[in-house]
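# Structural overview
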Amino acid sequence: MGNLLKVLTREIENYPHFFLDFENAQPTEGEREVWNQVNSVLQDSESILSGLQAYKGAGQEIRDAIQNPNDLMLQERAWNSVCPLVIKLKKFYSFSLRLEEALQSLLECLTCPPFTPTQHLEREQALAKQFAEILHFTLRFDELKMRIPAIQNDFSYYRRTISRNRINNMNLDIESEVNNEMANRMSLFYAEATPMLKTLSNATTNFVTENKTLPLENTTDCLSTMASVCKVMLETPEYSSRFSSEDTLLFCMRVMVGVIILYDHVHPNGAFNKSSKIDMKGCIKVLKDQPADNVEGLLNALKFTTKHLNDESTPKNIRTMLQ
């Protein structure tokens, strides 16, 4: 256990310091059941990202159809191009629901009494690693989605066409796959700039709301502790040098930003307040010390997807660092 998670004590600072082995943590017998459940979701995450990365859109076909409304062949070509894309978008959306369920299972394990978040991380490193992997996937998905405006254009065209065709009593086989209710939910999901992050924020907020007997601090302390874990591993060469892959550094950065955003959405005062248990100044500095290409998306995520950055209680120096 000591090899996986090492507590560093520094009396000069009030923040917890850990080294958590994100590369090699394995589940204990006590973690196995939840680990297996979450792993069955996570093992599909790479194919979801590959599918999103390969998403080309039907922009040209849609433009041709709109510019030539009386050309039935072009209408049919656009429709036949969009339908498989909508099935793909449904797959991504359905995966977000599975991810939400997985996150809530992990939160239950990592926040339940009588243990503190620190003790949970010490006892359940493999679950903490899965929690980190969910955040890592989420930020990667949203970074990709932001670069694909075709998604919303394709889906808007699909919804307009299906409404028009319904009026014309056309046979629409795709409605058995994506009915009106599903289309409404997908529409709300893809309207978000960062849909997966929004899903996780809502899932975390719902977890807190539904578990009324569980103190809020159990959840927020779990998030702030994870942020400190990542910050220390990034800023301490003797720890970051243990990673066998450069990718693990980027993994740590994404996870740190992900837990900060979740904390900011769940804690009433947010992550930027002076009373926050997250050393925001230190976390932002760690990001800014990295190559700009690696962190631009992450700094933007802190700027645009957090809830409390622009509150009056946010210290000016923090706001300045993110400008």
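Conventions we followed
Residues numbered from 1 in each chain as written. Predicted model: local features only at pLDDT ≥ 70, side-chain atom pairs only at ≥ 80, totals over all residues. Heavy atoms only, no water. Domains from an automatic or database assignment. Contact = heavy atoms within 4.5 Å. Buried area = accessible area lost by both parts, 1.4 Å probe. Disulfide = S-S within 2.5 Å. Buried < 20%, exposed > 50% of the residue type's maximum accessible area, 1.4 Å probe, protein only. Phe/Tyr/Trp six-rings, centres within 6.5 Å; stacked < 30°, edge-to-face > 60°. Helix = DSSP H or I, 4+ residues; strand = E, 2+ residues; numbered from the N terminus. Lys NZ or Arg CZ within 6 Å of the ring centre and 35° of its normal. Expected span 1.5 Å × (residues − 1). Arc of directions from axis to C-beta. Polar contact = N/O pair within 3.5 Å; in protein donor to acceptor, adjacent residues only side chain to side chain. Salt bridge = Lys/Arg side-chain N within 4 Å of Asp/Glu carboxyl O.

### Structural notes on the domain arrangement of the protein
According to the domain assignment, the protein contains domain 1 (20-192) and domain 2 (214-322). Of note, the centres of domain 1 and domain 2, computed from C-alpha atoms alone, are 25 Å apart. The interface is formed by 21 residues belonging to domain 1 together with 25 residues belonging to domain 2. A buried area of about 2000 Å², summed over both sides, lies between domain 1 and domain 2, and 77% of it is on carbon and sulfur atoms.

### Considerations on the state of the cysteines
In a disulfide, the sulfur atoms of two cysteines are held together by a covalent bond. Summed over the entire model, instances satisfying the criterion amount to 0 disulfides. No disulfide involves Cys222; its nearest neighbouring cysteine sulfur is the one of Cys112, lying 11 Å away. Judged by its relative accessible area of 3%, Cys222 falls in the buried class.

### What about the packing of aromatic side chains?
Aromatic ring pairs are described here by two measures, namely the spacing of the ring centres and the angle between the planes. Under the criterion given, the structure shown has 8 aromatic pairs. Centroid distance Trp79 to Tyr158: 5.6 Å. Interplanar angle 5°. Geometry classified as stacked. Taken together, the residues Trp79 in helix 4 (residues 72-111) and Tyr158 in helix 7 (residues 150-167) connect sequence positions 79 residues apart. Tyr158 shares its class with Trp79; the two are buried. Stacked on the ring of Trp35, the Lys or Arg Arg32 has its end atom at 5.9 Å from the ring centre. Across from the ring centre of Phe115, 3.9 Å away, lies the NZ or CZ of Arg123, which sits over that ring.

### Some thoughts on the side chain of His267
Here His267 is to be found in the loop between helix 12 (247-266) and helix 13 (280-288). When its relative accessible area of 18% is taken as the criterion, His267 is described as buried.

### Remarks on helix 8 (residues 180-191)
Over its 12 residues, helix 8 runs 16 Å from end to end, which matches the ideal 16 Å to within 8%, given 1.5 Å per residue. Those residues of helix 8 not exposed but buried are Met182, Ala183, Met186, Phe189 and Tyr190. All buried residues of helix 8 fall inside an arc of 125° around its axis, so they share one side. Exposed and oriented more than 90 degrees from the buried face of helix 8 are Glu181, Leu188 and Ala191. The distance from a side-chain oxygen at the start of helix 8 to the backbone nitrogen of Glu181 is 3.2 Å, and the residue carrying that oxygen is Asn179.

### Here's the deal with the pattern of salt bridges
Working definition: two side chains of opposite charge can pair if their charged atoms are close together. The final tally for this structure, using the stated rule, is 11 salt bridges. Of the charged contacts in the structure, one is a salt bridge between Glu124 and Arg123, with a shortest N-O distance of 4.0 Å. By relative accessible area, which is 12% here, Glu124 ends up buried. Asp221 serves as the salt-bridge partner of Lys277, at 3.1 Å between the closest nitrogen and oxygen. Placement of Lys277 in the loop between helix 12 and helix 13 and of Asp221 in helix 10 (residues 216-235) is noted, with a sequence separation of 56 residues between them. A residue is classified by how much of its surface remains accessible, and Lys277, at 43% relative accessible area, is partly exposed. Judged by its relative accessible area of 18%, Asp221 is buried. One salt-bridge network, held together by shared partners, links Lys231, Glu235 and Asp279.

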